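As a plain string of letters, each chain reads:
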Number of protein chains: 2
Amino acid sequence: MSSVNPNLSQERSAVQFPIEELTQFILGGPKRTEKKRILRSLVDPNKYPVFTNDDKFFLSRDKYYVRTLEKLKKLIQYKKQYDLDRDDWFYLLSETGDPNVLILHDLLFIPTLEGQLSDEQLQKWLPLAKDYAIFGCYVQTELGHGSNVRRLETTATYIHETDEFDIHCPTFTSIKWWPGALARTSTHAAVFARLIIDGKDYGIHPFIVQLRGENHKPLPGIEIGDIGPKFGFNNIDNGFLRFNHVRIPRDQMFMKFSKVSRDGKYSTPPHAKMAYGTLVAGRVDIIEQASLFLAKVLCIAIRYSIVRKQGNDTIKNPNESTILDYQFQQYRLFNSLSIVYTFHFVRNWMRDSYEINKKQVGDGDISSMADIHAISSGLKALCTELASDAMEDARRACGGHGYSHFSGIPSMIEFYAQYPTVEGENTILYLQTGRYLIKAFENARNGRPTPAALSYIKDTSRILSERSRATTWEELIDPNEQVKALTHRHTRLLAQLISNLEKSSRNHPQGYEGAKSNHMIDIVNVSRAYCYMIIVISSNEGVESIKSSHPNIYPILRTLVNLFFANSVLKYSGEFLLDNYLDSKHIEILESGVKISLEQIRPNAIGLVDAWEFSDNMLSSALGRYDGNVYEALYNWAKKDPLNLAQEKGLLIGYNEVLKDVFNGEYLKEIIKSKL
Amino acid sequence: MSSVNPNLSQERSAVQFPIEELTQFILGGPKRTEKKRILRSLVDPNKYPVFTNDDKFFLSRDKYYVRTLEKLKKLIQYKKQYDLDRDDWFYLLSETGDPNVLILHDLLFIPTLEGQLSDEQLQKWLPLAKDYAIFGCYVQTELGHGSNVRRLETTATYIHETDEFDIHCPTFTSIKWWPGALARTSTHAAVFARLIIDGKDYGIHPFIVQLRGENHKPLPGIEIGDIGPKFGFNNIDNGFLRFNHVRIPRDQMFMKFSKVSRDGKYSTPPHAKMAYGTLVAGRVDIIEQASLFLAKVLCIAIRYSIVRKQGNDTIKNPNESTILDYQFQQYRLFNSLSIVYTFHFVRNWMRDSYEINKKQVGDGDISSMADIHAISSGLKALCTELASDAMEDARRACGGHGYSHFSGIPSMIEFYAQYPTVEGENTILYLQTGRYLIKAFENARNGRPTPAALSYIKDTSRILSERSRATTWEELIDPNEQVKALTHRHTRLLAQLISNLEKSSRNHPQGYEGAKSNHMIDIVNVSRAYCYMIIVISSNEGVESIKSSHPNIYPILRTLVNLFFANSVLKYSGEFLLDNYLDSKHIEILESGVKISLEQIRPNAIGLVDAWEFSDNMLSSALGRYDGNVYEALYNWAKKDPLNLAQEKGLLIGYNEVLKDVFNGEYLKEIIKSKL
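Residues numbered from 1 in each chain as written. Chains lettered and ligands numbered in written order. Predicted model: local features only at pLDDT ≥ 70, side-chain atom pairs only at ≥ 80, totals over all residues. Heavy atoms only, no water.

S.K.: Would you mind going over the nonpolar core in detail, with residue names and values included?
M.R.: Buried together is how nonpolar side chains tend to be arranged in soluble globular proteins. If you look at the biggest cluster of nonpolar residues, it comprises 375 residues, and the most contacted ones within it are A:Tyr341, A:Leu557, B:Tyr341 and B:Leu557. Among residues more than four places away in sequence, those in contact with A:Tyr341 are A:Leu22, A:Ile26, A:Leu557, A:Leu560, A:Leu608, A:Ala611 and A:Trp612. (Core = buried A, V, L, I, M, F, W, Y, C linked by side-chain atoms within 4.5 Å. Buried < 20%, exposed > 50% of the residue type's maximum accessible area, 1.4 Å probe, protein only. Contact = heavy atoms within 4.5 Å.)

S.K.: Break down the pattern of salt bridges for me, citing the residues and quoting the values.
M.R.: Scanning the entire structure with this criterion turns up 116 salt bridges over all chains. The shortest N-O distance in the salt bridge between A:Arg61 and B:Asp641 comes to 3.5 Å. Here the residue A:Arg61 occupies a position in helix H4 (residues 61-81), and B:Asp641 occupies one in the loop between helix H23 (630-639) and helix H24 (642-648), the pair thus bridging two chains. Here A:Arg61 and B:Asp641 have matching classes, each one buried. Here A:Asp363 and A:Lys359 are joined by a salt bridge, their closest N and O atoms 3.4 Å apart. (Salt bridge = Lys/Arg side-chain N within 4 Å of Asp/Glu carboxyl O. Helix = DSSP H or I, 4+ residues; strand = E, 2+ residues; numbered from the N terminus.)

S.K.: So what's going on with the pairing of strand E8 (residues 239-243) of chain A? Which residues, and what values?
M.R.: All names here are of chain A. In terms of residue burial, E8 counts as a mostly covered element, since four of its five residues are buried. Pairing of strand E4 (residues 176-177) with E8, which is carried by two bridges, proceeds in the antiparallel orientation. Bridging across to E8, Trp177 finds its partner in Phe240. Alignment of strand E7 (residues 222-226) against E8, held across five bridges, turns out to be antiparallel. Note on E8: the bridge partner recorded for Ile222 is Phe243. (Pairing = 2+ DSSP bridges.)

S.K.: How would you summarise the relation of the copies chain B and chain A if you had to cite specific residues and measurements?
M.R.: Once turned by 180° and shifted 0.0 Å along the axis, chain B lies on chain A with an RMSD of 0.0 Å. One copy is carried onto the other by what is essentially a two-fold rotation axis. When C-alpha distances to the rotation axis are compared across chain B, the minimum falls at B:Gly574, with a value of 1.8 Å. (Least-squares fit on C-alpha atoms with pLDDT ≥ 70 in both.)

S.K.: Please give an account of unusual backbone geometry that cites residues and values.
M.R.: For A:Asp163, which is not glycine, the phi dihedral falls at a positive 60°. Structurally, A:Asp163 can be placed in the loop between strand E2 (155-159) and strand E3 (164-168). Residue A:Asp163 is classed as buried on the basis of its relative accessible area of 18%. Within the chain, B:Asn580 stands out as a residue other than glycine whose phi angle is a positive 60°. One can find B:Asn580 in the loop between helix H19 (573-577) and helix H20 (584-601).

S.K.: Summarise the UniProt feature "domain: Acyl-coenzyme A oxidase N-terminal" (unreviewed entry) in chain A; cite the residues concerned and give the values.
M.R.: Residues annotated by UniProt as "domain: Acyl-coenzyme A oxidase N-terminal" (unreviewed entry) correspond here to residues 19-135 of chain A. For the annotated span residues 19-135 of chain A, helix accounts for 68% and strand for 0% of the residues, and the straight-line distance between the end C-alpha atoms is 41 Å. (UniProt positions renumbered as here; feature names shortened; annotations may be inferred.)

S.K.: Before we move on, could you go through the packing of aromatic side chains and cite the residues and values that matter?
M.R.: For the coordinates displayed, the defined rule picks out 62 aromatic pairs over all chains. Geometrically, the ring pair formed by A:Tyr403 and B:Trp178 is tilted, given 6.2 Å between the ring centres and 45° between the ring planes. Of this pair, A:Tyr403 sits in the loop between helix H10 (369-397) and helix H11 (409-416) while B:Trp178 is found in the loop between strand E4 (176-177) and strand E5 (188-197), placing the two residues in two different chains. Side by side, A:Tyr403 and B:Trp178 carry an identical accessibility label, which is buried. Seen from their ring centres, A:Tyr403 and B:Phe231 are 6.1 Å apart, and the 65° between their planes marks the pair as edge-to-face. Separated into two different chains, A:Tyr403 in the loop between H10 and H11 and B:Phe231 in the loop between strand E7 (222-226) and strand E8 (239-243) make up a pair that spans both. Here A:Tyr403 falls in the buried class, since its relative accessible area comes to 5%. Residue classification places B:Phe231 among the buried positions, given a relative accessible area of 3%. Aromatic ring contacts, followed pair by pair, group A:Phe233, A:Phe293, A:Phe415, A:Tyr416 and A:Tyr419 into a single cluster. Over the ring of A:Tyr65 we find A:Arg184; its NZ or CZ atom is 4.8 Å from the centre of that ring. (Phe/Tyr/Trp six-rings, centres within 6.5 Å; stacked < 30°, edge-to-face > 60°. Lys NZ or Arg CZ within 6 Å of the ring centre and 35° of its normal.)

S.K.: Could you give me a rundown of helix H5 (residues 86-95) of chain A, with the residues and numbers involved?
M.R.: All names here are of chain A. H5 sits mainly inside the fold: eight of its ten residues count as buried. Turning to H5, its buried residues are Asp88, Trp89, Phe90, Tyr91, Leu92, Leu93, Ser94 and Glu95. Gly97, located one to two residues past H5, shows a positive phi value of around 90°.

S.K.: Residues and numbers for the side chain of A:Asn426, please.
M.R.: All names here are of chain A. Relative to the helices and strands, Asn426 is located in helix H12 (residues 426-445). On the accessibility criterion, Asn426 (6% relative accessible area) is buried. Other than its neighbours up to four places away in sequence, Asn426 contacts Lys380, Ala381, Thr384, Glu385, Tyr419 and Pro420.

S.K.: Pulling in residues and values, what's your account of the sheet that holds E7(A)?
M.R.: Strand order in the open sheet formed by three strands is E4-E8-E7 (chain A), with antiparallel pairing between adjacent strands. The open sheet has two free edges, formed respectively by E4 and E7 of chain A, since each of these has just one partner strand. H23(B) rests against E4, E7 and E8 of chain A of the sheet, and its axis sits at about 110° to E8(A). (Axes fitted to C-alpha atoms, helices over the stretch in contact; angles between N-to-C directions.)

S.K.: Outline the domain arrangement of chain A, supporting the account with residue identities and numerical values.
M.R.: Interface extent is often summarised as the accessible area lost during association of the parts. Residue and element names in this part refer to chain A. Domain parsing of chain A yields domain 1 (134-266), domain 2 (277-607) and domain 3 (641-676). For domain 1 and domain 2, the distance between their C-alpha centres works out to 38 Å. In this assembly, domain 1 packs against domain 2 so that about 460 Å² is buried in total across both faces, 71% of it on carbon and sulfur atoms. Taken as a group, Ser147, Phe231 and Phe233 account for 85% of the area that domain 1 buries against domain 2, more than any other trio of residues on that side. At the junction of domain 1 with domain 2, the criterion picks out zero salt bridges. At the junction of domain 1 and domain 2, the tally comes to zero residue pairs in polar contact (both at pLDDT 80 or more). Its residues assigned to classes, the side of domain 1 that touches domain 2 shows two nonpolar, two polar and no charged. (Domains from an automatic or database assignment. Buried area = accessible area lost by both parts, 1.4 Å probe. Polar contact = N/O pair within 3.5 Å; in protein donor to acceptor, adjacent residues only side chain to side chain. Nonpolar A, V, L, I, M, F, W, Y, C, P; charged D, E, K, R; others polar.)

See the structure below:
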């Protein structure tokens, strides 16, 4: 075993806070940390070779899929053997370093069963699903229809005679497209289709449909296939599904809410909003994971930036500098690191808000549902947008080697690239949140009730009249001042939008709604500004709440949250200067505050990424190895490439097939002759 | 053959300018357009099946590489048969839809021979290279050394006794890493190594080294391999190369400039700057290609956005809207389209400047060399940065299907992702340009000569005192006003940087140089602002120069250049508001000007992408097909996936290997039993 790169060792010993304390904070306290370390050992490839990722970049899609199933088999065994809650289970899956089809069954299919089946139906299906006697996927999107669920075309027509539904894809665009774990894994599906009874259309409802029978063969009337290679996620079998009049029993409609009786009578409960739950849960999960996924990429980039040396050498000083010592490298990577930790606080806040609301809804109180829906929509958009962009920026910060798959970063970018789209395309989510803000603003002005989360809107005129009185960095980053600044910006943009909408609606043939379509750019902008405010509020709340409980890690986390704030203001400085909320002096203070923050983070950078305790196997990165032996790893990994193994056996790919002819010139002579 | 999507047909017939005129403008005039259409027909897969890209997303790396060589064979045949200049040749290569190893030989190896071999050496090597009797690659980067070429470690030691150089990799980090066409294709390499004579180090020089001998086997002392899978570019054999005391004759040092004589005497000419040429050429090529690569992605995204429908449906109006009718979709895609056309003018300007300078240098006049070097460095950085980001944004704008490889976009993103890094990492390039600006500013202030390109710097105080007097959109977008605004911003930032550097250097132990290291963020910012100015100057010059020659396409191109300007100001609005060069009224005018521009572009969008005449085979995109039959294409392409072909033959991948055990429950029962 080779020793650890001396630069890394030195950096580790100079970290100014106790890393263990930060690890425990990240992993959820001492007990959870202990348990997670045990879980991590369960997917250690040295003990359980099925979990090795050493050859993952060489696997073809079919082999990669089978590898994933082999991991699945072992993971299910663990799940049965140990007492694993949701948090443990996702930690274990995540530590394998790849997405697993299990997430589709566990994170989408089972929650759909739990959320939408009647108690009676649950008794039948849930044990089967939990025992993996059946395996399910969530089948909603069609070739021609994604975000606009109301327009799905697949039909479920009630057949009185046999008490069945006839599931059918009536058009080409109604072929189901994209569901994960559909093409080869699932036996069953939760299928969203248009309910038709006696010719009347009752809108979209879910149905449980068996897809495969004996020997896993698709049942009659069911055409299933793989949708082909994707940007990432290629070990998962996203599929297509075409129904040709497939019959299912009536009681395979999900009947927790809407119901169809034996005589074809349709009934639906008063609170149709109930179905929101699943949507929101998906977005909360994504918000939760943004900091985790970005942390992995930064762990790689920061470790590599300590090992990698470049430039700054002179004749006097032949030693090159560690690239993390360059201010611009710090600027790129530490700004992204500030996103990681800021989002970690946001994640906790969002999860708590979600759980509280879920409990309230259970008690029949739906008063906060619209708030949670709007906040989770917008936050999902902003978090995935910032995390994606930061990943690509970190890749570029790794220079040439960042372009190699062995850096581990391209596959993370490819995987994460789905997040700005799945569970609600970001623009559509921003617009949803924007509509909620517009409505709240109008309500407040007309004296109608405003959601608690937006109570400040009633103070719009006071907020608009305020100007920052801060004169120092310390005053600017005071938590109240941070919130005040972001609230001011968001409120000003919102007030201006409303005023513009009103002016514009007078001349628009479709009135106010028409005016909105001419102000989409502004609505997205307002919505994004609102989400920045929520992030600054929740991260400041979060970091202040650990001030006394975690005095040793509080200072560095405080610095990171401040840095996120400062960059958020500087990125949109025009919007703060426009009405003189801030002036040029403030901008100068923020710019120098950023530099001071980078200096404070610099000695702690390695601790801030080590604390996550990502295993080398999980990161699958030559650049991000704990021991920092990056060049040896790149070389050794390349040597294992099947292309090189073939060459070592004397197989010169391409030469015999083509190049031989080209180089010996005979081939070319013939061409030239033919030309004459 | 299926007919064209009616929405696309309708849009095409409503375009307000003559598309043919735009095509001729893009492709370089009527004659070149005619020739390029003939060239395009030479890679039509219906006539020459080797050029088909129908199965490219299913090919393993080895098969994909061999396919590339098969294309190479046919392409070389064309090159010998037809009279193709540089422009034709690259057009033909580009039309195949994939990078080809030929670019490494033709674009890097041959120019290195031409630029660095003595006349005598050229007579020997150039005909061989041009006839493809040998195939070469450019071998510079090492495992541990990229941008800092001075620190390369591979040595070339002169051996008096035998009149040879001994090429050797003395350390692990000196293994050559990354060169394209190295791992399997090349017979020879231009190797950059540290020249050592009698123990004295003369710095880095290029040498021509034969890599492979009989039957293409690596020669003794040479270890060659593939560096493994990359983000993109996977049909190209980027390789590593380790020399273990390989001897080459003395006359295989490139001796156009520096020379070593038989008695080991080293001589070098006075103008070491000569070697700049190749570096600059590479950057000019990249600037040239930015608009082309981005245009491909936008062609896909805009065609798809016309075919794709979504939302906006009401009970009254069951038809969904074309997504390109949404303002935010226009905002995303047309802003990027403005980059495409603005960069097209920049590209022409840069190419002209480069050619003029090349001629001057040939005549012994190196007065503009530093300018061209600095401008091409910064522009390369800004162009690749904006193009990369716009590609990813266009992918997201395509929603879920944009994540499929069949959209064609992920592979373009993966390919293009190397550009912010290759031929000079962008941050390093910005810093280079920044240093040139700082020096010019200091020279101007001290009465020393300033490069012609920076003559305005002498007017700094006047520039800083100016404020925009424009009161309307028309006045703001006047070409002189555009240039004035960008010049003001850049000059203000530069003057402020210099003042800060001076203040800071007084307290810095390393003085001015040390102060710079604390201002890297600011230097990059100044440099980027300078490049924005160059873009606005050159694109305005370009579009105005065709006002009378191309009156029919001038208006829409003018709109696109204006849109680029407006967004460039709005993105950095804080920097224009800070010293009141602009005020809040200007910002409002620009914001509404953007919306008006989007409306003007909307009916012409399809014409602006069709005009490039990309073939379907080249785009390899189900979403970007000329006929708009996107859903049929997605389905038909998926059906050809080998995973689906296997399934149709009854092979259920993963089921027999793993899933069978899991689903039948016997396996799980056993686990549960073992747990008890």
